[in-house]
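Notes for the structure review
These are the residues of each chain, in order.
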Amino acid sequence: MQYREMGKTGDQVSILGYGCMRFPKMNGKIDEDRTRKQIISAIEGGVNYFDTAYIYPNSETVLGNILADGYREKVMIATKIPPFMVHSRKDMDTVLETQLKRLKTSYIDYYLIHSVTTKEGWDRIKQLGAVDFLEKAKAAGKIRRIGFSYHGEGHDFKDIVDDYPWDFCQIQYNYMDENAQAGKEGLLYAASRGLGIAIIEPLRGGLLAGNMPPKIEKIWSDSGIAGTPAEWALRWIWNHPEVSVVLSGMNQEDQLEENIRIAESARPNSLRGAETE
């Protein structure tokens, strides 16, 4: 596994992070035994960044149960507070305390305002006391790093980045969405401000890991350059030195094995001209 600095935090995060929204299920519920094996396998493979959220059904609890079995200090946990469920300053404390209990930990490494889509949305939760909440929680040692995840248009992204001394941010980015949402412009801007950057949807919900249209498949096969669709997609993102960690919702053993393999050798600025073309 390779590691990169999470922006100005200086933390060394695995370039492959574990997205915990899509744990494997059995009979409509999270299959905890299979999830446990997958998470432990990921940790043994060098993954040290696990991303969950308050609103991912039972995800925080399952992750907490697994990490409490001797793995907590080996990893960094990222989780999120949902603005749409927050209507007062007190609500923020209630959500955080619930998350700490679910995760069976006294602190959260990376704490995000979840799914910010507009500057107005950030202003709303800020007016409810978000800054006071975040800074007091950090001073108390309950959270270590402060960030936000973004799902809006690019014109608001820079304003939000500049409005608070964030430690990191989380954005959607892949080779189909290079100019969507925050996009490459936002990626470069956040990096220039020293933020660590976590990438979500690197495979666009699995779309970029599946069968390619015949026209695209022919271009790849005729290139003489080997690689699965998932490998092309992941290497393209990791080629960006500004990216700190790429989150993948791995819920099958072969996905985990392949992604860890790719993460062993995908370095920034390593794609050759022919590969980029």
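The structure we're discussing is the one just above.
Here is a short report on the structure shown in this document. (Residues numbered from 1 in each chain as written. Predicted model: local features only at pLDDT ≥ 70, side-chain atom pairs only at ≥ 80, totals over all residues. Heavy atoms only, no water.)

1. Concerning the nonpolar core
Generally speaking, soluble globular proteins have nonpolar side chains that are buried together. By size, the foremost hydrophobic cluster in this structure holds 72 residues, and its most contacted members are Tyr18, Phe50 and Phe148. Sort the elements by how many residues they give to this core and helix H9 (residues 229-238) lands first, with six residues. Membership of the second largest hydrophobic core comes to 12 residues, among which are Tyr49, Phe168, Ile200 and Leu247. (Core = buried A, V, L, I, M, F, W, Y, C linked by side-chain atoms within 4.5 Å. Buried < 20%, exposed > 50% of the residue type's maximum accessible area, 1.4 Å probe, protein only. Helix = DSSP H or I, 4+ residues; strand = E, 2+ residues; numbered from the N terminus.)

2. A closer look at the sheet that holds strand S11 (residues 196-200)
The strand order S3-S6-S7-S8-S9-S10-S11-S12 describes a closed barrel built from eight strands, whose pairing is parallel. Between one strand axis and the next, the sheet turns through 30° on average, direction left out of account. Examined bridge by bridge, strand S9 (residues 143-150) and strand S10 (residues 168-172) share four bridges and lie parallel to one another. Note on S10: the bridge partner recorded for tyrosine 150 is isoleucine 171. In the packing of helix H5 (residues 130-139) onto the sheet, contacts are made with strand S7 (76-81), strand S8 (108-116) and S9, and the angle to S9 comes to roughly 150°. (Pairing = 2+ DSSP bridges. Axes fitted to C-alpha atoms, helices over the stretch in contact; angles between N-to-C directions. Contact = heavy atoms within 4.5 Å.)

3. Let's talk about the packing of helix H1 (residues 32-44) against helix H10 (residues 253-263)
In the contact formed by H1 and H10, the axes pass within 11 Å of each other and the chain directions differ by 10°. It follows that H1 is roughly parallel to H10 by the angle criterion. Contacts between H1 and H10 involve Arg34, Gln38, Ser41 and Ala42 from the first element and Glu253, Leu256 and Ile260 from the second. Grouping the amino acids of the contact of H1 with H10 by side-chain chemistry returns three nonpolar, two polar and two charged. (Parallel < 35°, antiparallel > 145°, perpendicular 65-115°, else oblique. Nonpolar A, V, L, I, M, F, W, Y, C, P; charged D, E, K, R; others polar.)

4. Looking at the pairing of S10
Taking burial as the measure, the five residues of S10 include five buried ones, the bulk of the element. Each parallel crossover has a hand, and the one from S9 via helix H6 (residues 154-163) to S10 is right-handed. Sheet analysis places S10 next to S11, joined by five bridges and oriented parallel. Across the sheet, residue isoleucine 171 finds its bridge partner in S11, namely isoleucine 199. (Right-handed = clockwise from strand over helix to strand, strands pointing away.)

5. Digging into the pairing of strand S3 (residues 16-19)
Because side chains alternate across S3, one face comprises the buried residues Leu16 and Tyr18, and the other comprises Gly17 and Gly19, equally buried. Bridge count for S3 against strand S12 (residues 245-248) is three bridges, and the pairing is parallel. Counted as the bridge partner of tyrosine 18 is serine 248 from S12.

6. Quick look at unusual backbone geometry
Phi is positive for lysine 104, close to 50°, though the residue is something other than glycine. By the element assignment, lysine 104 lies in the loop between helix H3 (89-103) and S8. The phi dihedral of glutamate 201 falls on the positive side, at around 55°, and the residue is not glycine. Within the secondary structure, glutamate 201 sits in the loop between S11 and helix H8 (214-223).

7. Examining H3
Taking 1.5 Å per residue, 15 residues should reach 21 Å; H3 reaches 22 Å between its end C-alpha atoms and fits that length. Along H3, the residues classified as buried are Met92, Val95, Leu96, Gln99, Leu100 and Leu103. Buried residues of H3, viewed axially, fall in a sector of 135°; they line one side. Residues of H3 that are exposed and angled more than 90 degrees away from the buried face: Lys90 and Lys101. Along its buried surface, H3 packs onto helix H2 (59-67), S7, S8, helix H4 (119-127), H5 and S9. Two residues or fewer after H3 comes lysine 104, characterised by a positive phi angle close to 50°. (Expected span 1.5 Å × (residues − 1). Arc of directions from axis to C-beta.)

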